[in-house]
Amino acid sequence: MESAQWVPLLLCHILGLLSAPHVLGHLLSTEESPSSFQVLQTSSFANRSQVCSEGSAWLDSLQTHAWDPALRSIHFLRPWSQGNFSKEELSHFQALLQLYFHTFPQAVQTFASQFQFQYPFELQVLAGCQLGAEGKAESFLKGAYQGSDLLSFQGHSWVPSPEAGRRAQDICKVLSYYMIIGETLQRFLEDTCPRFLAGLLKTGKSELEQQVKPEAWLSPGPPPGPGRLLLVCHISGFHPKPMWAMWMRGEQEQPGTRREDFLPQADGTWYLRVTLDVAAWEAAGLACRVRHSSLGGQDLLLHWDGYSVVLQILSCLTIIAALVMAVGVVLWFKRHRSPSPTAQIGGSSLSLYPILPFLKKSTPRVPEDQDNPPTGLRNHHSEMVSSRR
């Protein structure tokens, strides 16, 4: 089959992708959108016979769906993930996805040499819609090759990414040849996706509007260098995701504050770390300020000075505990060592351990031949005789 004959089939599969939730990857927008539904497919091609595809779908920052490649079906992650669509509509979307995942690798393999896709490579497709400032729906579809923008669908047209070069231009020319596909694609983006988004916002309203207050605490991180401290502000268990946190000195924000990525937790809440690298002598007077919609306008303020006092107390307790353990070890050895030999002197017992080395060293060995004493003894005897004379 000629490569051009794959194009209608390939784009029909994209329609299925846009009609139902699907997959996530690094094309997913990191900016917080008030009401957006995003689906992304990520397919990795190791060679002409090995392809791995993954997928999920997200409502704002909350994952709502995933594609199960083993069962070839949509996995609904929330009780309200079906929105207000009927079972017939959802079954139709699932059938399109099954066809898409079955034939997409074949279509890409056919185009691989024509568009100079070099193994191994990765393709991604991001599609979805969001509500604008005035409630007007805005849709999007983007494609990427090896993690870099390749093309997008805007209005009725395929638009190559300026950085993608000749490859993107050639792909867009082929796709643009089938105008009926572009018109159908536009209807799905501007009608089906916004309707599905509206249904999710309605059926998931109670969970989406839930407010969970954060817990916050301070700790030191690994020292960045000699004479420096890494101050860490931990914020955990909050919902929804939007969160403002900053290291402060009085009312002045510290420009060196670094906010790490939000991490999802198993209960649907979020965790965040906010750090500041400072000289040790500058840590006094700093505080971490936390602001969240669940707090009702009352910010959390955690002072590093208070943490320093606690740290000093813990350090003292650690030193005391170490000393107590050392004394206990010494007493244990004294109690369990073997008893020392003793001598009775004047009715009292005297340990011989301290003088044993001296006794062993100074006590002479008595010779067996008393008639011929050693030279040293003979000289000593002669001196005694001479003195008596």
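Computed from a predicted structure; not experimentally measured.

Draft legend 1. Looking closely at the overall build of the chain. Across its full length, the chain carries eight helices and 19 strands. Classification of the 389 residues of the chain by burial places 39% in the buried group. In the structure as shown, the chain presents an accessible area of about 23,600 Å², 57% of it carried by carbon and sulfur atoms.

Draft legend 2. Examining the sheet that holds strand S7 (residues 148–154) more closely. The strand order across the open sheet formed by eight strands is S4-S3-S2-S1-S5-S6-S7-S8, and the pairing between neighbours is antiparallel. Every interior strand has two partners, whereas the edge strands, strand S4 (73–76) and strand S8 (157–160), have only one. With direction set aside, neighbouring strand axes in the sheet form an average angle of 20°. With four bridges connecting them, strand S2 (residues 51–59) and strand S3 (residues 62–68) associate as antiparallel partners. Across the sheet, the residue bridging to Ser-56 is Ala-66, located in S3. Strands strand S1 (36–45), S2, S3, S4 and strand S5 (121–131) of the sheet are contacted by helix H2 (residues 87–112), whose axis makes an angle of about 35° with S1.

Draft legend 3. Representation of the nonpolar core in the model. Ranked by size, the top nonpolar core spans 43 residues in total, and within it Phe-37, Phe-117, Leu-123, Leu-141 and Trp-158 carry the most contacts. Formed by 20 residues, the second largest nonpolar core is a distinct cluster that contains Cys-233, Met-243, Trp-270 and Leu-302.

Draft legend 4. Summary view of the sheet that holds strand S12 (residues 252–253). The strand order across the open sheet formed by four strands is S12-S11-S16-S17, and the pairing between neighbours is antiparallel. In the strand order of this sheet, the two ends are held by S12 and strand S17 (300–303), each with one partner. As judged from the four bridges shared by strand S16 (residues 286–291) and S17, these two strands associate in the antiparallel manner. Looking at S17, one finds that Ala-287 is bridged to His-303.

Draft legend 5. Representation of the pairing of strand S11 (residues 244–249) within the structure. Sheet analysis places S11 next to S16, joined by six bridges and oriented antiparallel. Bridged to Trp-247 within S16 is Cys-288. By the bridge criterion, two bridges tie S11 to S12 in an arrangement that is antiparallel. Residue Met-248 lies in a different strand from S12, and its bridge partner there is Glu-253. Count of turn residues in the S11/S12 antiparallel hairpin: two residues, of which Gly-250 carries a positive phi of about 70°.

Draft legend 6. A look at helix H3 (residues 165–176). For H3, with 12 residues, the first-to-last C-alpha span of 17 Å sits near the 16 Å given by 1.5 Å per residue. Buried residues of H3: Ala-168, Ile-171, Cys-172 and Leu-175, and no others. One side of H3 holds all its buried residues, which, seen down the axis, span an arc of 100°. Those residues of H3 that are exposed and angled more than 90 degrees off the buried face are Arg-166 and Lys-173.

Draft legend 7. Focus on the pattern of salt bridges. Considering all chains together, one arrives at 10 salt bridges under this definition. Here Arg-166 ties to Asp-170 by a salt bridge, and the two come within 3.0 Å at their closest N and O atoms. Pair noted here: Arg-166 and Asp-170 are both in helix H3, with a separation of four residues, about one helical turn. Residue Arg-166 is classed as exposed on the basis of its relative accessible area, which comes to 57%.

Draft legend 8. Representation of unusual backbone geometry within the structure. Omega for the bond connecting Tyr-119 with Pro-120 falls within 30 degrees of zero, at -10°, which places this linkage in the cis form. Looking at where Pro-120 falls in the secondary structure, it is placed in the loop between H2 and S5. Of note, the bond from His-239 into Pro-240 is cis; its omega dihedral lies within 30 degrees of zero at 5°. One can find Pro-240 in the loop between strand S10 (228–238) and S11. Backbone geometry places Asp-60, a non-glycine residue, at a positive phi of 55°. Tracing the backbone shows Asp-60 in the loop between S2 and S3. One non-glycine residue with positive phi stands out, namely Gln-116, at about 60°. Looking at the secondary structure, you find Gln-116 in the loop between H2 and S5. With relative accessibility at 56%, the residue Gln-116 sits in the exposed group.

Draft legend 9. Highlighting the state of the cysteines. If you walk through the whole model with that rule in mind, you get two disulfides. Across a sulfur-sulfur distance of 2.1 Å, Cys-129 and Cys-193 are joined as a disulfide pair. Measuring the twist about the S-S bond at about -85°, one finds the Cys-129-Cys-193 disulfide to be left-handed. Highlighted residues: Cys-129 in strand S5 and Cys-193 in helix H4 (residues 179–203), separated in sequence by 64 residues. Taken individually, Cys-129 and Cys-193 each receive the classification buried, so the pair is uniform in this respect. With a sulfur-sulfur separation of 2.2 Å, Cys-233 is cross-linked through a disulfide to Cys-288. Given an S-S torsion of about -80°, the disulfide between Cys-233 and Cys-288 has left-handed geometry. One end of the pair, Cys-233, is in strand S10; the other, Cys-288, is in strand S16, with 55 residues separating them in the sequence. In this structure, Cys-233 and Cys-288 share a single accessibility class: buried.

Rules used in this analysis
Residues numbered from 1 in each chain as written. Predicted model: local features only at pLDDT ≥ 70, side-chain atom pairs only at ≥ 80, totals over all residues. Heavy atoms only, no water. Helix = DSSP H or I, 4+ residues; strand = E, 2+ residues; numbered from the N terminus. Buried < 20%, exposed > 50% of the residue type's maximum accessible area, 1.4 Å probe, protein only. Areas by Shrake-Rupley, 256 points an atom, 1.4 Å probe, with all protein chains shown as cover. Pairing = 2+ DSSP bridges. Axes fitted to C-alpha atoms, helices over the stretch in contact; angles between N-to-C directions. Contact = heavy atoms within 4.5 Å. Core = buried A, V, L, I, M, F, W, Y, C linked by side-chain atoms within 4.5 Å. Expected span 1.5 Å × (residues − 1). Arc of directions from axis to C-beta. Salt bridge = Lys/Arg side-chain N within 4 Å of Asp/Glu carboxyl O. Disulfide = S-S within 2.5 Å.

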